[in-house]
Amino acid sequence: EGIPKKSTVYYCRQCARYLQPPKFWLVAELESKELLGLLIKRLRGLNKVKLIDASFKWTEPHSRRIIVRLTIQKEVFLNAILEDSFTVEFVVLYQQCDRCRRDAAKIDAWQAVVQVRQKVEHKRSFMYLEELF
């Protein structure tokens, strides 16, 4: 099949969001359809088979494991359809999102670029602006 039985998913503890690669963080509750969609998208090899059913298998919330039961179909010979059901285990790893990382570092800096132009002989206003910064 080529579908991995174990995978990882990243979770930010402060804002309770899951990483949808490469940089998007998705708000999703445990056992929600948004989280199920995110986990299914992370699996490689599902494009070769037809996904019939996907559901969560209950685990303890503190176990840092999310188990998803998948049912797939694949045509093996002429008009012969093989149906298989298996579980995929996702390990939840903690990682801070960009917003929480910035808040934790207590960086109160603006993120902007300003361009100042002056058309005079003297440079007093530039010197005054430099002193302010």
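Going by the structure above, here's the rest.
From a predicted model like this one, the values you see are computed outputs, not experimental measurements.

### Here's the deal with the pattern of salt bridges
Item 1. Throughout the structure, instances matching the rule amount to two salt bridges.
Item 2. One salt bridge in this structure joins E89 and R65, with 2.8 Å as the shortest N-O distance. Of the two residues, E89 is situated in strand β6 (residues 80-94) and R65 in strand β5 (residues 65-77); the sequence distance between them amounts to 24 residues.

### Brief notes about the packing of aromatic side chains
Item 1. Tallying each qualifying case throughout the model produces two aromatic pairs.
Item 2. For the pair Y11 and Y18, a centre-to-centre distance of 4.8 Å together with 45 degrees between the ring planes defines the contact as tilted.
Item 3. Here Y18 falls in the buried class, since its relative accessible area comes to 4%.
Item 4. Aromatic pair Y11 and Y94: ring centres 6.2 Å apart, planes at 55 degrees, arrangement tilted. Here Y11, found in strand β1 (residues 6-12), pairs with Y94, found in strand β6; they are 83 residues apart in sequence, far enough to count as distant.
Item 5. Taken together, the aromatic side chains of Y11, Y18 and Y94 make up a single cluster linked through ring pairs.

### Side note on the nonpolar core
Burial of nonpolar side chains together is a common tendency in soluble globular proteins.
Item 1. Grouped together as the largest cluster of nonpolar side chains are 23 residues, with contacts concentrated most on Y18, L35, L39, I66, V68 and F90.
Item 2. Breaking this core down by element, the ones donating at least two residues are β1, α1 (33-42), β4 (50-57), β5 and β6.
Item 3. Apart from residues lying up to four places away in sequence, Y18 is in contact with V9, Y10, Y11, F24, W25, L26, A28, L30, L35, L38 and I66.
Item 4. Core analysis: the second largest hydrophobic core is formed by five residues, C12, W25, C97 and C100 among them.

### Remarks on a nonpolar patch on the surface
Item 1. A cluster of nonpolar side chains, contributed by V114, V116, Y128, L129, L132 and F133, occupies part of the molecular surface with about 710 Å² of accessible area.
Item 2. Take V116: it is sitting in the loop between α2 (98-104) and α3 (124-132).

### So, the sheet that holds β4
Item 1. One open sheet holds the six strands; their spatial order is β3-β2-β1-β6-β5-β4, and the pairing between them is mixed. Since the sheet does not close on itself, it has two edges, and those belong to β3 (24-27) and β4, each with one partner. Averaged over all pairs of adjacent strands, the angle between strand axes in this sheet comes to 35 degrees, irrespective of strand direction.
Item 2. Inspection of the sheet shows strand β2 (residues 17-20) paired to β3 by four bridges, in the antiparallel sense. Bridging from a neighbouring strand, L19 pairs with W25 of β3.
Item 3. Across the sheet, α1 lies against β1, β2, β3, β4, β5 and β6, angled at about 125 degrees from β4, the strand it touches most.

Calculation criteria
- Sequence order as written defines residue numbering, which begins from 1 separately in each chain.
- Side-chain atom pairs in this predicted model are given and counted only at pLDDT of 80 or more, local residue features only at pLDDT of at least 70, and totals for whole chains, interfaces and linings cover all residues.
- Values reported for side chains reflect all heavy atoms of the structure, with hydrogen atoms and water molecules removed beforehand.
- Only one rule defines a salt bridge in this text: a Lys or Arg side-chain nitrogen within 4 Å of an Asp or Glu carboxyl oxygen.
- Working definition: helices are DSSP H or I runs of at least four residues, strands are E runs of at least two. Numbering for both runs from the N terminus.
- Note on ring pairs: Phe, Tyr and Trp rings are taken, using the six-membered ring of Trp, and paired if centres are within 6.5 Å. Classes follow the plane angle, with under 30 degrees stacked, over 60 edge-to-face and the rest tilted.
- Classification of residues uses two cut-offs on accessible area relative to the type maximum, computed with a 1.4 Å probe and protein chains only: under 20% is buried, over 50% is exposed, and between them is partly exposed.
- Among the buried residues, those of types Ala, Val, Leu, Ile, Met, Phe, Trp, Tyr and Cys that are joined through side-chain atoms within 4.5 Å form a nonpolar core.
- When checking whether two residues touch, look at their non-hydrogen atoms; a contact exists if any pair is within 4.5 Å.
- A patch is a set of surface residues, each over 30% in relative accessible area and not in a salt bridge, joined within 9 Å for like charges and within 5 Å for the nonpolar side chains Val, Leu, Ile, Met, Phe, Trp and Tyr.
- Accessible surface area values rest on a Shrake-Rupley calculation with a 1.4 Å probe, where residue burial reflects the displayed protein chains alone.
- In this analysis, strands are considered paired if DSSP registers two or more bridges between them.
- Every angle, taken between N-to-C directions, lies between 0 and 180 degrees, and every axis is a line fitted to C-alpha atoms, over only the stretch in contact when it is a helix.

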